[in-house]
Amino acid sequence: MSDLDLSQVLQEIDDEVRARRASGDFPPGMERDLDLVFARFAPVSVNGDDLEGLISAADRTSFIDPVLPTESRLPAVSILKRVERKLLGWAFRHLTQQVTAFGGVVVQALRLLGRRVERLEEVSAGADPALLAGVGGNAPAALDDVVVAHLAGCSGRVLVAEAGDGALLRRLSDLDVYGVESRATLVESAALAGLDVRDDAVLDHLRLVEEGALAGMVLVGIVDRAPVGAQVALVAHAARVLGGGSRLAVVATSPESWGRANPIEADLSPGRPLHPETWVHLLGQHGFVDVSVTERDGAYVVAATR
Amino acid sequence: MPRAIHQLVPSFAPRNAIGNHVLQVQDVIRGMGLDSEIYVADAWREVAHLTRPYRELAGGDGTWLLYQASTGSPLAEWLQGRPEPRLLNYHNITPASLFAPWEPHIGVELAAGRRQLAELAAGTELAIAVSSYNEGELRAAGYRDTAVVPILLDTSTFDRAEDPAAVERLQAPGPVWLFVGRLAPNKAQHDLLKALSVYRRVYDPTARLRLVGGSSSHAYATAVKTFVRALQMEDAVEFCGDVSDAELAAHYRAADVFVSTSEHEGFCIPLLEAMHHRLPIVAYGSSAVPETLGSAGLCLRTKEPTRVAAAAHRVITDPAVRAALVAAGTARLADFDLDRNRRRMADALAGAVGA
């Protein structure tokens, strides 16, 4: 057996992927487009959490057909099946009516639950994101240089979540970087600018990323507006998807300046920025090391290593 | 004193990895001087004569029961009420979440299998896993005494004569990717198609993929075939279905690389077949794949289509990498030597029952 260094070969493959992304051989959005094409053929529950779509699917399939198929390649068998259907038809009807009735009741219960969850969301979560269109949404940029320095040399995939208007992605273009953004207008403009931005909610995207798959991550934007539970979930996901030695940067607006800088966004958002000390605490709990805080112009960066 | 170790198998099929394993285990137990019969909930007609219905099990003093756990089964519920001391051999149960959106009824069966696995933990004296990955799942399910013995596999059965007609028919002008496994959501053949699409667009438009194996999900198979049409790769992707042993050997011979993007494997025997047929491997390192593969293939941390395509390209076009992987595969295969693993199984069983 020869002395092949597998890790070296894998590193060279990573380098090639990065170079081809940079050269445009692997155009931004190519993988996202493939995902979208397959998603058209997959059940609704495979992609995201489309509750209404799932309930509709349950509704469609809850009717159990009592009529047995009688086709057969052999005419005699077909006749036999027809006789069987005639003899046992009443029994199948009796059974399937009960199953269909049960399915119908379950679907109605699910619809009721869905409506209750919607009402709960209306009163407990933030306003419809559409109300924030054109208001705020700009992540603090004063500390971009700190982020760029922290991530310099990351060898592997780097995620910026949320990508926003793509400014930070451009600053990190030396890296194998991509973004996630749920605001459709921003995704479109990023795609037109040739940036690799996935149209997805950050937490939904992170659930799909493989363990240890990323070499770096920037959490920005979402950390200003998300509810506390979502922010804690972000740390857990980051700990899972970042490999050993990977870098994380949390870029947020200082709580003290949040309302002043973005009053409308602050009022309509479901959450608010955490204090940097809270991020330091959470990251330490999840095993991140070398945690440092840089504060400037009403914003801060918490940098850490996995 | 132990008198017998009888195996309990939910479904016993011929030419099947678990079926062959069960026969090997029976031989091992009999070699220890103990009685051993195979009791099943279901058996294919051609191997039914090797088995007995589980409800005919008499049991009694000195009888131990070895349950082969691979899916949900009424047999597992029945087993919980049995007085005999119990052993368990775990082959893995696919997480229901991978199947449920596609085939809800299979999802229910798999979920039941996982629940039963946890319920059997309390009264099980020793649980033997076919991989360390599976052992981890056993421990998470509450098993305290566990061991690892790889699946008992006679790799000499991989030495099949190739079907000459198939070898001729499978000649292709461009590089050929091969994957062997049933069309199933956990095998994630759709991710292979994404990678092939990238490969054909960037590296070689003549590349093709052969998917060998039947289907475990009509809904998933339909989606995958529709996906092929949407990608306009009808001429590049072959759904070969179940094939004979001789045809399978021809497929391995005709391919340039074995590529797997499988999401969940408890062991993954086709990796060993590929090693045996000197076919280099590129595989996404999910579940038990890194353990089975060892250093005998390119094990990818992610299965982004670009990365899978780049890795396949490297293996296909770099003779040094290719030769090294083939050599490493041959060496790795020796770790699954049947005699050695039979001894390990005998030791594990003897230690548990005190034989």
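### Quick word on the interface of chain A and chain B
With 32 residues of chain A in contact, the opposing surface of chain B contributes 38 residues. Together chain A and chain B conceal approximately 3,100 Å² of surface at their shared face, both sides included; 69% is due to carbon and sulfur atoms. At the boundary of chain A with chain B, the tally comes to six salt bridges. A salt bridge links B:Glu304 to A:Arg157; the shortest N-O distance between them is 2.8 Å. Our enumeration of links across chain A and chain B arrives at 10 residue pairs in polar contact (both at pLDDT 80 or more). The element contributing the most residues to the side of chain A that touches chain B is helix H1 (residues 6-23) of chain A, with 10 residues. Its residues placed into classes, the side of chain A that touches chain B shows 17 nonpolar, three polar and 12 charged.

### Some points on the packing of helix H2 (residues 30-39) of chain A against helix H7 (residues 189-202) of chain B
Two numbers describe how H2(A) lies on H7(B): the axes approach to 11 Å, and their chain directions differ by 135°. One element, H2(A), and the other, H7(B), form an angle in the oblique class. Judged by the sense of rotation from one axis to the other, the crossing of H2(A) with H7(B) is right-handed. On the side of H2(A), the interface is formed by A:Met30, A:Leu34, A:Asp35 and A:Phe38, while H7(B) contributes B:His190, B:Lys194, B:Ser197, B:Val198 and B:Arg201. Of the residues belonging to the contact of H2(A) with H7(B), the class tally is four nonpolar, two polar and three charged.

### Focus: the domain arrangement of chain A
Annotation of chain A at the domain level lists domain 1 (44-124) and domain 2 (132-305). Between the C-alpha centres of domain 1 of chain A and domain 2 of chain A there is a distance of 44 Å.

Conventions adopted
- Residues numbered from 1 in each chain as written.
- Chains lettered and ligands numbered in written order.
- Predicted model: local features only at pLDDT ≥ 70, side-chain atom pairs only at ≥ 80, totals over all residues.
- Heavy atoms only, no water.
- Contact = heavy atoms within 4.5 Å.
- Buried area = accessible area lost by both parts, 1.4 Å probe.
- Salt bridge = Lys/Arg side-chain N within 4 Å of Asp/Glu carboxyl O.
- Polar contact = N/O pair within 3.5 Å; in protein donor to acceptor, adjacent residues only side chain to side chain.
- Helix = DSSP H or I, 4+ residues; strand = E, 2+ residues; numbered from the N terminus.
- Nonpolar A, V, L, I, M, F, W, Y, C, P; charged D, E, K, R; others polar.
- Axes fitted to C-alpha atoms, helices over the stretch in contact; angles between N-to-C directions.
- Parallel < 35°, antiparallel > 145°, perpendicular 65-115°, else oblique.
- Left-handed = near helix turned anticlockwise from the far one by under 90°.
- Domains from an automatic or database assignment.

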